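# Observations on the three-dimensional arrangement
In case you want the letters, here they are:
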Amino acid sequence: DIVLLHSCSNKDDFVYEEIFNKAKVELGLKRAYLLSTETRKHASLEEIKREIPDFKTRKFYLSGSNMFVNGTRGVLRQLGVKGASIITDYFPGY
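## Brief notes about helix α3 (residues 66-78)
- With 13 residues, α3 extends 18 Å from end C-alpha to end C-alpha; this agrees with the ideal 18 Å at 1.5 Å per step.
- Residues of α3 that are buried: F68, V69, G71, T72, V75 and L76.
- Check the buried side of α3 and you find it contacts β1 (3-8), α2 (45-51), β3 (60-64) and β4 (86-90).
- G80, located one to two residues past α3, shows a positive phi value of around 95°.

Here is the structure:
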């Protein structure tokens, strides 16, 4: 199964509703909406634990701004996720 942690700074910025709804039906995608703040631009320990209780057995693909990717990777490492289970991709300029 797939869990998408979709993070934006404003709830109106969430996109691709139709595609993600189709993926939910066809692939079992679970989507969690996360709102970033001025001081936190990445997923938090609490959000990851709440949305992905089996996080230690998962493979993570992080994509987004440097701040999001690096911050979320740091949180995952704090939670004990091995570096080999974290794949990163950056969107410079965001």
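## Structural notes on the packing of aromatic side chains
- Counted under the stated rule, the structure contains two aromatic pairs.
- Judged by centre distance (4.9 Å) and plane angle (90°), the rings of F14 and Y33 are edge-to-face. Residue F14 is located in the loop between β1 and α1 (17-27), and its partner Y33 is located in strand β2 (residues 30-35); the two are separated by 19 residues in the primary sequence.
- Between Y16 and F20, the ring centres sit 6.3 Å apart and the planes meet at 90°, which makes this aromatic pair edge-to-face.
- Of the residues examined, Y16 reaches a relative accessible area of 53% and is grouped as exposed.

Conventions adopted
- Residues numbered from 1 in each chain as written.
- Predicted model: local features only at pLDDT ≥ 70, side-chain atom pairs only at ≥ 80, totals over all residues.
- Heavy atoms only, no water.
- Helix = DSSP H or I, 4+ residues; strand = E, 2+ residues; numbered from the N terminus.
- Expected span 1.5 Å × (residues − 1).
- Buried < 20%, exposed > 50% of the residue type's maximum accessible area, 1.4 Å probe, protein only.
- Contact = heavy atoms within 4.5 Å.
- Phe/Tyr/Trp six-rings, centres within 6.5 Å; stacked < 30°, edge-to-face > 60°.

Purely geometric stuff here, so don't read any function into it on its own.
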